[in-house]
Protein chains: 2
Amino acid sequence: MKQEDNVIYIGKKPLSNYLTAVTLQLAVKDKKQVEINARGKYISKAVDVAEVIRNRFIQEAKISKVEIGSEEIPNLKNNNGENVRVSTIKIVLSK
Amino acid sequence: MKQEDNVIYIGKKPLSNYLTAVTLQLAVKDKKQVEINARGKYISKAVDVAEVIRNRFIQEAKISKVEIGSEEIPNLKNNNGENVRVSTIKIVLSK
């Protein structure tokens, strides 16, 4: 299954990598919206990406949706088949 | 200026402290809504608080608003009067 270009997952890479990825979609490829997703400790970084894009990079970009939720993922620390809950965020930037 | 009881600021205390504070407002004092605020790296913890309350503690609670934004705060590392940008989140839980 091909991942959509304009859906970005935030992880351990430097903030600038994600700023570049979002800018590529909105400003270079001229997509109308980008979806920024993150889980757990990367949620704060996802908000940073959206805010820096909106405030400094692409003035016309606005936040059209913010959703928070939970996902069950396998517990990697304790491989007993139990799942752990992790928080998620989805931020949609539009222009 | 008196801080409103039902406005909670997330910081470095353990998650359980904030879960107790939110539960006190919604379940014990029977407030109709609680506002959960955080900045910077505490944004992820604010989402955890809202999600654990909604999924485990207070079934009737729902997320009625999620707002992200930026604030300028004094740069404490480099005391030259310049401000730094920090991301913020406001989550409103209602029942």
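A few points on the structure. What you see is a predicted model, and the numbers here were worked out from it, not measured in a lab. The residue numbering used here restarts from 1 in each chain and proceeds along that chain's sequence as written. Chain letters start at A and ligand numbers start at 1, both assigned in the order the entries are written. Local features in a predicted model are, by the rule used here, given only for residues with pLDDT of at least 70; side-chain atom pairs are given and counted only at 80 or more, and totals for whole chains, interfaces and linings are based on all residues. Side-chain measures were taken over the full set of non-hydrogen atoms in the model, leaving aside hydrogen atoms and water.

**Side note on the relation of the copies chain A and chain B**
- What sets the superposition is a least-squares fit of C-alpha atoms, and only residues with pLDDT of at least 70 in both copies go into it. Note on the copies: chain A fits chain B at an RMSD of 0.0 Å, the axial shift is 0.0 Å, and the rotation between them is 180°. Overall, the copies show the geometry of a two-fold rotation axis. Considering only C-alpha atoms, the residue of chain A closest to the rotation axis is Ser 44 of chain A, which sits at 2.7 Å.
- In this analysis, two residues are considered to be in contact whenever any of their non-hydrogen atoms come within 4.5 Å of each other. A share of 100% of interface residues in chain A that are also interface residues in chain B marks the association as one of identical surfaces.

**Comments concerning the nonpolar core**
- Buried Ala, Val, Leu, Ile, Met, Phe, Trp, Tyr and Cys residues form a nonpolar core when they are joined through side-chain atoms within 4.5 Å. Each residue gets one of three labels from its accessible area relative to the maximum for its type: buried under 20%, exposed over 50%, partly exposed in between, using a 1.4 Å probe on protein chains only. Membership of the largest hydrophobic core comes to 46 residues, with the highest contact counts inside it found for Ile 36 and Ile 89 of chain A together with Ile 36 and Ile 89 of chain B.
- Apart from the residues within four sequence positions on either side, Ile 89 of chain B is in contact with Ile 89 of chain A together with Ile 36, Asn 37, Ala 38, Ile 43, Ala 46, Val 47, Val 66, Glu 67 and Ile 68 of chain B.

**Observations regarding the pairing of strand 4 (residues 83–94) of chain B**
All names here are of chain B.
- Burial analysis of strand 4 places 9 of its 12 residues in the buried class, which makes it a mostly covered element.
- Pairing between strand 2 (residues 33–39) and strand 4: 7 bridges, direction antiparallel. Pairing of Gln 33 across the sheet is with Ser 94, part of strand 4.
- Strand direction decides the pairing type here: strand 3 (residues 62–74) and strand 4, joined by 12 bridges, are antiparallel. In the sheet register, Glu 67 faces strand 4, and the bridge partner there is Lys 90. A helix here means a DSSP run of H or I that spans at least four residues, while a strand means a run of E at least two residues long, and both kinds are numbered starting from the N terminus. When DSSP finds two or more bridges between two strands, those strands count as paired.

**As for the packing of helix 1 (residues 15–28) of chain A against helix 2 (residues 43–57) of chain A**
Residue and element names in this part refer to chain A.
- Orientation of helix 1 relative to helix 2, taken along the N-to-C sense of each, is 55°, at an axis distance of 10 Å. The pairing of helix 1 with helix 2 is recorded here as oblique in orientation. Judged by the twist between their axes, the crossing of helix 1 over helix 2 is right-handed. Contacts from Leu 15, Tyr 18, Leu 19, Val 22, Thr 23 and Leu 26 in helix 1 reach Lys 45, Asp 48, Val 49, Val 52, Ile 53 and Phe 57 in helix 2.
- By residue class, the composition of the contact of helix 1 with helix 2 is 9 nonpolar, 1 polar and 2 charged. Fitted lines through C-alpha atoms serve as axes, helices being fitted only where they are in contact, and the angles separating the N-to-C directions of these axes extend from 0 to 180 degrees. Small angles under 35 degrees read as roughly parallel and large ones over 145 as roughly antiparallel, with 65 to 115 read as roughly perpendicular and the rest as oblique. Note: crossing handedness is left-handed where the near helix turns anticlockwise from the far helix by less than a right angle, and right-handed where it turns clockwise. Under the convention adopted here, Pro, Cys and the residues Ala, Val, Leu, Ile, Met, Phe, Trp and Tyr are nonpolar, Asp, Glu, Lys and Arg are charged, and Gly plus all remaining residues are polar.

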